[in-house]
Amino acid sequence: NRLAKELLGEDSVASVKSDVKLKTLADVPHDYRLVDTEEGAESLLEELSPILGLSLECEEYDKKIDAAGGIDLQILGIGQNGHIGFNEPADALDSYTHLTDLTHNTIEANSRFFESKEDVPTKAITMGLSSILKSKKIILLASGENTRAAVSELLNDKITTDCPATMLKVHSDVVLICDKAAYGG
(Lines give C-alpha, C1' and ligand atoms only; values in the text may rest on other atoms or scores of the structure.)
Protein backbone atom coordinates (compact mmCIF):
# COMPACT_ATOMS: atom_id res chain seq x y z
CA ASN A 1 0.00 0.00 0.00
CA ARG A 2 2.88 2.39 0.79
CA LEU A 3 4.53 1.68 -2.58
CA ALA A 4 1.21 2.16 -4.42
CA LYS A 5 0.74 5.54 -2.70
CA GLU A 6 4.28 6.58 -3.69
CA LEU A 7 3.72 5.57 -7.32
CA LEU A 8 0.14 6.76 -7.76
CA GLY A 9 -0.11 9.58 -5.25
CA GLU A 10 -1.49 9.65 -1.73
CA ASP A 11 -5.07 10.44 -2.77
CA SER A 12 -5.26 7.74 -5.46
CA VAL A 13 -4.95 4.71 -3.23
CA ALA A 14 -7.34 3.22 -0.72
CA SER A 15 -6.95 -0.26 0.63
CA VAL A 16 -9.30 -2.73 2.17
CA LYS A 17 -8.67 -6.13 3.64
CA SER A 18 -10.80 -8.97 2.45
CA ASP A 19 -10.88 -10.67 5.82
CA VAL A 20 -10.99 -9.75 9.48
CA LYS A 21 -10.59 -12.34 12.25
CA LEU A 22 -12.72 -11.70 15.30
CA LYS A 23 -13.11 -13.05 18.78
CA THR A 24 -15.52 -10.21 19.53
CA LEU A 25 -16.39 -7.11 17.50
CA ALA A 26 -14.06 -5.10 19.73
CA ASP A 27 -11.15 -7.22 18.48
CA VAL A 28 -10.98 -5.59 15.03
CA PRO A 29 -7.53 -4.00 14.80
CA HIS A 30 -6.82 -0.55 13.36
CA ASP A 31 -5.22 -1.89 10.17
CA TYR A 32 -8.48 -3.50 9.05
CA ARG A 33 -10.11 -0.15 8.53
CA LEU A 34 -11.49 0.99 5.19
CA VAL A 35 -9.97 4.32 4.31
CA ASP A 36 -12.50 6.70 2.79
CA THR A 37 -10.14 9.02 0.91
CA GLU A 38 -12.93 11.17 -0.53
CA GLU A 39 -14.00 12.43 2.89
CA GLY A 40 -10.59 11.98 4.51
CA ALA A 41 -12.21 9.91 7.25
CA GLU A 42 -12.13 6.25 8.15
CA SER A 43 -15.08 3.92 8.09
CA LEU A 44 -14.12 1.42 10.74
CA LEU A 45 -15.17 -2.17 10.78
CA GLU A 46 -14.21 -1.72 14.42
CA GLU A 47 -17.26 0.50 14.87
CA LEU A 48 -19.77 -2.08 13.70
CA SER A 49 -22.92 -0.56 15.00
CA PRO A 50 -24.93 -2.67 17.43
CA ILE A 51 -27.90 -0.46 16.55
CA LEU A 52 -27.75 -1.22 12.81
CA GLY A 53 -26.49 -4.75 13.16
CA LEU A 54 -23.53 -6.53 11.65
CA SER A 55 -25.20 -7.56 8.39
CA LEU A 56 -26.11 -3.94 7.63
CA GLU A 57 -22.53 -2.86 8.32
CA CYS A 58 -21.26 -5.56 5.96
CA GLU A 59 -23.65 -4.30 3.30
CA GLU A 60 -22.39 -0.74 3.84
CA TYR A 61 -18.80 -1.98 3.46
CA ASP A 62 -19.64 -3.41 0.02
CA LYS A 63 -21.47 -0.21 -0.97
CA LYS A 64 -18.44 1.90 -0.05
CA ILE A 65 -16.22 -0.27 -2.21
CA ASP A 66 -18.69 0.08 -5.11
CA ALA A 67 -18.94 3.85 -4.55
CA ALA A 68 -15.14 4.11 -4.69
CA GLY A 69 -15.21 2.52 -8.15
CA GLY A 70 -14.62 -1.04 -7.04
CA ILE A 71 -11.38 -2.87 -6.48
CA ASP A 72 -8.73 -2.64 -9.17
CA LEU A 73 -6.37 -5.22 -7.69
CA GLN A 74 -7.33 -7.91 -5.19
CA ILE A 75 -4.41 -9.81 -3.67
CA LEU A 76 -5.40 -13.02 -1.93
CA GLY A 77 -3.76 -15.98 -0.30
CA ILE A 78 -5.16 -19.47 -0.51
CA GLY A 79 -5.75 -21.52 2.61
CA GLN A 80 -4.92 -25.20 3.05
CA ASN A 81 -8.58 -26.01 2.52
CA GLY A 82 -8.93 -23.73 -0.51
CA HIS A 83 -10.47 -20.78 1.30
CA ILE A 84 -9.88 -17.30 -0.08
CA GLY A 85 -10.50 -14.36 2.19
CA PHE A 86 -12.27 -16.41 4.84
CA ASN A 87 -14.74 -17.96 2.42
CA GLU A 88 -14.52 -21.42 3.91
CA PRO A 89 -15.59 -24.62 2.13
CA ALA A 90 -19.35 -25.10 2.52
CA ASP A 91 -22.45 -26.42 0.77
CA ALA A 92 -23.23 -22.83 -0.29
CA LEU A 93 -21.03 -19.76 -0.27
CA ASP A 94 -22.03 -16.21 0.69
CA SER A 95 -21.84 -13.67 -2.07
CA TYR A 96 -21.07 -10.49 -0.19
CA THR A 97 -19.22 -9.33 2.92
CA HIS A 98 -20.41 -11.36 5.89
CA LEU A 99 -19.59 -12.83 9.27
CA THR A 100 -18.42 -16.43 9.01
CA ASP A 101 -17.35 -19.24 11.30
CA LEU A 102 -13.77 -20.37 10.73
CA THR A 103 -13.16 -24.06 10.13
CA HIS A 104 -11.00 -26.12 12.48
CA ASN A 105 -8.41 -26.29 9.68
CA THR A 106 -8.21 -22.49 9.41
CA ILE A 107 -8.12 -22.01 13.18
CA GLU A 108 -5.28 -24.54 13.40
CA ALA A 109 -3.37 -22.90 10.53
CA ASN A 110 -3.68 -19.45 12.14
CA SER A 111 -2.72 -20.63 15.62
CA ARG A 112 0.94 -19.89 14.84
CA PHE A 113 0.11 -16.18 15.03
CA PHE A 114 -1.19 -16.41 18.61
CA GLU A 115 0.23 -17.33 21.99
CA SER A 116 -2.27 -20.16 22.46
CA LYS A 117 -4.86 -21.92 20.37
CA GLU A 118 -7.57 -20.53 22.66
CA ASP A 119 -6.60 -17.01 21.51
CA VAL A 120 -7.30 -17.79 17.86
CA PRO A 121 -10.51 -16.17 16.62
CA THR A 122 -13.30 -18.55 15.63
CA LYS A 123 -15.19 -16.04 13.50
CA ALA A 124 -14.22 -13.57 10.80
CA ILE A 125 -15.70 -10.86 8.66
CA THR A 126 -14.84 -11.56 5.03
CA MET A 127 -15.60 -10.24 1.59
CA GLY A 128 -17.84 -12.71 -0.13
CA LEU A 129 -17.00 -14.28 -3.45
CA SER A 130 -19.19 -11.91 -5.48
CA SER A 131 -17.39 -8.98 -3.90
CA ILE A 132 -14.01 -10.54 -4.66
CA LEU A 133 -14.97 -11.49 -8.23
CA LYS A 134 -15.95 -7.89 -9.01
CA SER A 135 -12.26 -6.96 -8.75
CA LYS A 136 -10.67 -6.00 -12.05
CA LYS A 137 -7.59 -8.16 -11.46
CA ILE A 138 -6.92 -10.86 -8.87
CA ILE A 139 -3.53 -12.13 -7.78
CA LEU A 140 -3.59 -15.35 -5.79
CA LEU A 141 -0.54 -16.26 -3.71
CA ALA A 142 0.19 -19.84 -2.67
CA SER A 143 3.22 -21.20 -0.88
CA GLY A 144 4.16 -24.41 0.81
CA GLU A 145 3.26 -28.03 0.43
CA ASN A 146 0.26 -27.52 2.74
CA THR A 147 -1.55 -25.57 -0.05
CA ARG A 148 -0.73 -28.10 -2.80
CA ALA A 149 -4.10 -29.87 -2.73
CA ALA A 150 -5.97 -26.55 -2.91
CA VAL A 151 -3.78 -25.33 -5.80
CA SER A 152 -4.32 -28.66 -7.57
CA GLU A 153 -8.10 -28.21 -7.19
CA LEU A 154 -7.80 -24.70 -8.59
CA LEU A 155 -5.93 -25.96 -11.65
CA ASN A 156 -8.30 -28.83 -12.51
CA ASP A 157 -11.53 -28.37 -14.49
CA LYS A 158 -13.98 -28.55 -11.59
CA ILE A 159 -15.60 -25.62 -9.76
CA THR A 160 -16.79 -26.60 -6.30
CA THR A 161 -17.83 -25.00 -3.02
CA ASP A 162 -15.60 -27.59 -1.35
CA CYS A 163 -12.66 -25.49 -2.58
CA PRO A 164 -13.79 -21.84 -2.75
CA ALA A 165 -10.66 -20.82 -4.68
CA THR A 166 -12.04 -22.73 -7.68
CA MET A 167 -14.64 -19.96 -8.04
CA LEU A 168 -11.79 -17.80 -9.37
CA LYS A 169 -12.02 -19.81 -12.60
CA VAL A 170 -14.99 -17.69 -13.67
CA HIS A 171 -12.92 -14.45 -13.45
CA SER A 172 -11.22 -13.19 -16.62
CA ASP A 173 -8.00 -11.90 -15.04
CA VAL A 174 -6.47 -14.07 -12.31
CA VAL A 175 -2.75 -14.59 -11.81
CA LEU A 176 -1.54 -17.46 -9.62
CA ILE A 177 1.88 -16.97 -8.07
CA CYS A 178 3.12 -20.04 -6.23
CA ASP A 179 6.28 -21.83 -5.25
CA LYS A 180 7.22 -25.32 -6.39
CA ALA A 181 6.00 -26.87 -3.15
CA ALA A 182 2.49 -25.46 -3.66
CA TYR A 183 2.48 -26.33 -7.36
CA GLY A 184 3.73 -29.83 -6.76
CA GLY A 185 6.21 -29.62 -9.61
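Model, not experiment: these values are computed from the prediction. (Residues numbered from 1 in each chain as written. Predicted model: local features only at pLDDT ≥ 70, side-chain atom pairs only at ≥ 80, totals over all residues. Heavy atoms only, no water.)

Draft legend 1. Structural view of the environment of Leu 141. Locating Leu 141 in the fold gives a position in strand E7 (residues 137-142). Distance from Leu 141 to Val 151, taken between C-alpha atoms, is 9.9 Å for residues ten residues apart in sequence. Those residues within four positions of Leu 141 in sequence are excluded, and the remaining contacts are Ile 75, Leu 76, Gly 77, Ile 78 and Ile 177. (Helix = DSSP H or I, 4+ residues; strand = E, 2+ residues; numbered from the N terminus. Contact = heavy atoms within 4.5 Å.)

Draft legend 2. Representation of the environment of Glu 88. Topologically, Glu 88 is positioned in the loop between strand E4 (73-77) and strand E5 (98-101). The sequence separation of Glu 88 and Pro 164 amounts to 76 residues, and the corresponding C-alpha distance is 6.7 Å. Look past the residues within four positions of Glu 88 in its chain and what remains in contact with it is Asn 81, His 83, Leu 93, Asp 101, Leu 102, Thr 103, Thr 106 and Pro 164. In this structure the side chain of Glu 88 is engaged in a polar contact, spanning 2.9 Å, whose partner is the side chain of Asn 81. (Polar contact = N/O pair within 3.5 Å; in protein donor to acceptor, adjacent residues only side chain to side chain.)

Draft legend 3. Region of interest: the nonpolar core. Ranked by size, the top nonpolar core spans 20 residues in total, and within it Ile 78, Ile 84, Leu 140 and Leu 168 carry the most contacts. Contributing elements (two or more residues each) for this core: helix H2 (54-67), helix H4 (129-133), E7 and helix H5 (148-155). One finds Phe 86, Leu 102, Val 120 and Ala 124 within the second-largest nonpolar core, a separate group that totals five residues. (Core = buried A, V, L, I, M, F, W, Y, C linked by side-chain atoms within 4.5 Å. Buried < 20%, exposed > 50% of the residue type's maximum accessible area, 1.4 Å probe, protein only.)

Draft legend 4. Layout of the side chain of Glu 88. The class for Glu 88 is buried, based on a relative accessible area of 5%. Among the polar contacts listed, one links the side chain of Glu 88 to the side chain of Thr 103, at a separation of 3.2 Å. In this structure the side chain of Glu 88 is engaged in a polar contact, spanning 2.7 Å, whose partner is the side chain of Thr 106.

Draft legend 5. Looking closely at H2. With 14 residues, H2 should reach 20 Å at 1.5 Å per residue; the first-to-last C-alpha distance of 20 Å fits that figure. For H2, every residue scored as buried is listed here: Leu 54, Glu 57, Cys 58, Tyr 61, Asp 62 and Ile 65. For H2, the arc enclosing every buried residue in end-on projection is 145 degrees, short of the 170-degree limit, so these residues lie on one face. In H2, those exposed residues whose orientation departs by more than 90 degrees from the buried face are Ser 55 and Ala 67. The positive-phi residue at the C-terminal boundary of H2 is Gly 69, with phi of around 95 degrees. (Expected span 1.5 Å × (residues − 1). Arc of directions from axis to C-beta.)

Draft legend 6. Up close: the pairing of E4. Side chains Gln 74 and Leu 76 of E4 all project onto a buried face; the interleaved residues Leu 73, Ile 75 and Gly 77 project onto a face where none is buried. Examined bridge by bridge, E4 and E7 share five bridges and lie parallel to one another. Of the residues in E7, the one forming a bridge with Ile 75 is Ile 139. (Pairing = 2+ DSSP bridges.)

Draft legend 7. Representation of the pattern of salt bridges in the model. Summed over all chains, the structure comprises seven salt bridges. Residue Glu 108 is joined to Lys 117 by a salt bridge in which the shortest nitrogen-to-oxygen separation is 2.7 Å. Given the relative accessible area of 39%, Glu 108 is considered partly exposed. Through salt bridges that share partners, Glu 59, Glu 60 and Lys 63 make up one connected network. (Salt bridge = Lys/Arg side-chain N within 4 Å of Asp/Glu carboxyl O.)

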